[in-house]
Amino acid sequence: MLTANRLLDGEVVYWQGGDWQPDFAAAEIFDEAEAAKAALDAAQAFVRDNKVVGTYLFEVRKEANGVAPVKEREIIRSLGPSVRRDMGKQALMPVPPAAAKPVHETSPPPPYPEEPDVSI
Amino acid sequence: MYRYDEFDAKMVRERAQQFRYQVERRIKGELTEDEFKPLRLKNGLYLQLHSYMLRVAVPYGTLSARQMRQLARIARDYSRGYGHFTTRTNMQYHWPKLSEVPDILELLADVEMHCIQTSGNCVRNVTADHFAGAVAGELEDPRPICEIIRQWSSFHPEFNYLPRKFKIAVSATKEDRAAVKYHDIGMEVITNEAGETGYRVFVGGGMGRTPYVALEIGKFVGKEDILAYLEAILRVYNEYGRRDNIHKARVKILAHQLGADEFRRQVEVEFAEIKRHGTLHLPPEELKRIEAYFAPPAFEDLPETAPEFEAAVKADAGFAAWTRSNLTPHKAKGYAIATISLKTIGQTPGDASAEQMDGLAQIMEDFGFAEIRVSHEQNLVFPHVRKKDLPAVYARLQALDLGAANAGLITDIICCPGLDYCDLANARSIPVAMKLQERFADLERQHELGEIKIKMSGCINACGHHHAGHIGILGVDKKGVEFYQIQLGGSGAEDASVGEIMGPGFGKDEIVDAVERVVETYVALRAPGERLLETYRRVGMTPFKNAAYQEQMYAAY
Ligand code: SF4
């Protein structure tokens, strides 16, 4: 997906059909790197036009109940602070994510990054 | 409190006006983001994950009721009803709109506040002991010199483009509550053999990627010379600091590379040069003039304690617990220093709602408190409370949900905003801090554990001072998933030390258990009267590490 922040208020926005909109669920998914790159290029017009800042692509993965960003950072950007469910995009959602299953908790617990030192 | 003179007022107004024009030009498209970004950063305005973030300076952590009310108003009207007090004793608003920031700056200027030099590679907000002017055993109030440094460093043309940001803190007691040895320059007010008051000057402390405890550079610098001495340090840094590598650009790298002796020698050369020209001499009359602003209130002649206070301690267990952890002895009889914990269980550490800020201002007005302080531990302080007023003040704090009896205890956690807000973060820190607070919520247990400082950062920039935590926690990112490293044995106090990393990180569902196992190990090993920090220093990492990784060790077999 392609994302940026809106210049005027900093709101997180996503690319959809040649324009920006604030809803993660409605964002365009690029399966091909080339299409993603083309969108990123096209998006620069909005940067020059002083509508958005900080455009970049990020990864999502398909899950049973929809699409979720791979990285925690993008999950939080798509919802709002996880410690204030009344703030950010999540506050406007019909089913608050606290009640729905938060996407990032559906993935299995990650393995430990390194073997702990068991020699002691 | 310090009051702006006409120069201060004019300077701050002009800056707000300039920024209004700059924002207008940005919105019209006359400035690109690349051109605008350095301008907005010079006014404390960042772009973070969900929105802009505005950082307001609270010089040496001192606020009046009027200023607190204004902060509440700005939170309510421009930032969704709350703000966040930081480890630099500043206030951060997480939700302002770009187009509204000039209005916020005007509102701040109305109460003699601003966002100047809260970001960028310049001298930042100078911090001081939050008990300044109130605590017993203080040589003098450190804030007048902080104010003088503020005036000297604000818009200082030579130091507006330093290699990196620059932070100064001042303390005036043997106990260091301002973490002076973790600052670019830390100053301790001392007296020399002749009985004169001056400063011991430390240089090159810092957190971040390469943590260092500062080196002693100036053993005793006289008052009239202090600005010249600071200028000499900044000159050496400005000239030789590593501008080629952002990770090596802080003065700590330069100072530790040169070593204390060579760094001191270079400073002395510059210092002699400045003195020879006779500039930057701080006249005693000027110091006196500034000191007058910080004169303490006229203390009443009160008995040591008050019957109202004693009765409330007996009658109300909650109040009794609060007095145990949140009061500090005052230099005047019959008074106390009261710490207002912003670590109520279940709330984001350091956050305050507009209602709470207004409520605090109301308490100040009702009880005649001229000031409130912000501490680098993300708490607030009423510095001069009559003991007889304490039960009533406590009741009012309770009503605001600000009566947590945990100052200095394990749930009084320093915590940066982390990945819930911060663009630079690797992992969230607030939810972990909140879970730890829940785990250790039992007050009896907290008091029994004694002073344990947990400090937590969401990335290596260490805004949450994790290197200086008795237990430090650092959020790391492993392929987009959050992990948490534990460090033990850090201290930001007079016994400053950098914490030692325990080993690989714990997952977000394991970190709280791991910390609890560390704490239980302390309980099992401690000698009578020993704090966790001291037990760790005595026995070392091994027993704590074995305990913390226990379950992972089983999992590995
Ligand atoms: S420590 Fe890192 S995550 Fe935390 S506030 Fe600082 S920069 Fe952000």
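Residues numbered from 1 in each chain as written. Chains lettered and ligands numbered in written order. Predicted model: local features only at pLDDT ≥ 70, side-chain atom pairs only at ≥ 80, totals over all residues. Heavy atoms only, no water.

1. Brief notes about the site of the ligand
Alright, step 1. Lining the immediate environment of the ligand, one finds Cys 416, Pro 417, Gly 418, Cys 422, Leu 424, Ala 425, Ser 457, Gly 458, Cys 459, Asn 461, Ala 462 and Cys 463 of chain B.
Alright, step 2. Of the residues assigned to the shell around the ligand, the class counts are eight nonpolar, four polar and no charged. (Near = heavy atom within 4 Å. Nonpolar A, V, L, I, M, F, W, Y, C, P; charged D, E, K, R; others polar.)

2. A word on the side chain of His 94 of chain B
All names here are of chain B.
Alright, step 1. Of note, His 94 is situated in the loop between β5 (91–93) and α4 (101–110).
Alright, step 2. According to the relative accessible area criterion, His 94 is buried, its value standing at 4%.
Alright, step 3. Apart from residues lying up to four places away in sequence, His 94 is in contact with Gln 48, Ser 51, Tyr 52, Met 53, Ser 79, Tyr 82, His 84, Pro 417 and Tyr 421. (Helix = DSSP H or I, 4+ residues; strand = E, 2+ residues; numbered from the N terminus. Buried < 20%, exposed > 50% of the residue type's maximum accessible area, 1.4 Å probe, protein only. Contact = heavy atoms within 4.5 Å.)

3. Quick notes on the nonpolar core
Across soluble globular proteins, nonpolar side chains have a tendency to be buried as a group.
Residue and element names in this part refer to chain B.
Alright, step 1. Formed by 65 residues in total, the largest nonpolar core has its most connected members in Met 68, Leu 71 and Phe 382.
Alright, step 2. The residues that make up this core include at least three from each of domain 1 (6–110) and domain 3 (307–399).
Alright, step 3. Each residue touching Leu 71, except ones within four places of it in the same chain, is listed here: Val 56, Leu 63, Met 91, Tyr 93, Leu 108, Met 113 and Met 357.
Alright, step 4. Counting residues in each nonpolar core, the second largest holds 50 residues, with Leu 230, Ile 233, Phe 271 and Leu 282 among its members. (Core = buried A, V, L, I, M, F, W, Y, C linked by side-chain atoms within 4.5 Å. Domains from an automatic or database assignment.)

4. Regarding the domain arrangement of chain B
Interface size, as often reported, equals the accessible area lost upon joining of the parts.
Residues and elements named next belong to chain B.
Alright, step 1. Segmentation of chain B into domains returns domain 1 (6–110), domain 2 (135–293), domain 3 (307–399) and domain 4 (426–556).
Alright, step 2. For domain 2 versus domain 3, the distance between C-alpha centres works out to 33 Å.
Alright, step 3. The largest contributions to the domain 2 side of the interface with domain 3 come from Val 135, Ala 136 and Arg 143, which together make up 73% of the buried area.
Alright, step 4. At the boundary of domain 2 with domain 3, the tally comes to one salt bridge. (Buried area = accessible area lost by both parts, 1.4 Å probe. Salt bridge = Lys/Arg side-chain N within 4 Å of Asp/Glu carboxyl O.)

5. Comments concerning helix α2 (residues 33–41) of chain B
Alright, step 1. Those residues of α2 of chain B not exposed but buried are Glu 33, Phe 36, Arg 40 and Leu 41 of chain B. Along the axis of α2 of chain B, the buried positions cluster into a sector of 130°, meaning they face one direction only.
Alright, step 2. Where α2 of chain B is buried, its residues touch β4 (52–57) of chain A together with α1 (6–28), β1 (45–47) and β2 (52–56) of chain B. (Arc of directions from axis to C-beta.)

6. Regarding the pairing of strand β8 (residues 185–191) of chain B
Walk down a regular strand and you will see the side chains alternate between the two sheet faces.
Residue and element names in this part refer to chain B.
Alright, step 1. Burial analysis of β8 places six of its seven residues in the buried class, which makes it a mostly covered element.
Alright, step 2. The pairing of strand β7 (residues 168–171) with β8 spans four bridges and is classified as parallel. What sits directly across from Ala 169, in β8, is Gly 186.
Alright, step 3. Connecting β8 to the next strand, strand β9 (residues 197–203), in antiparallel fashion are five residues, including Gly 195 with a positive phi near 85°. (Pairing = 2+ DSSP bridges.)

7. Focus: the packing of helix α6 (residues 226–240) of chain B against helix α7 (residues 251–276) of chain B
Residue and element names in this part refer to chain B.
Alright, step 1. Two elements in contact, α6 and α7, have axes separated by 8 Å at closest approach and are oriented at 125°. Looking at the two axes, α6 sits oblique to α7. Relative to α7, the crossing made by α6 is right-handed. Of the residues in α7, those in contact with Ala 228, Tyr 229, Glu 231, Ala 232, Ile 233, Arg 235, Val 236, Tyr 237 and Tyr 240 of α6 are Val 251, Leu 254, Phe 263, Gln 266, Val 267, Glu 268, Glu 270, Phe 271 and Ile 274. (Axes fitted to C-alpha atoms, helices over the stretch in contact; angles between N-to-C directions. Parallel < 35°, antiparallel > 145°, perpendicular 65-115°, else oblique. Left-handed = near helix turned anticlockwise from the far one by under 90°.)

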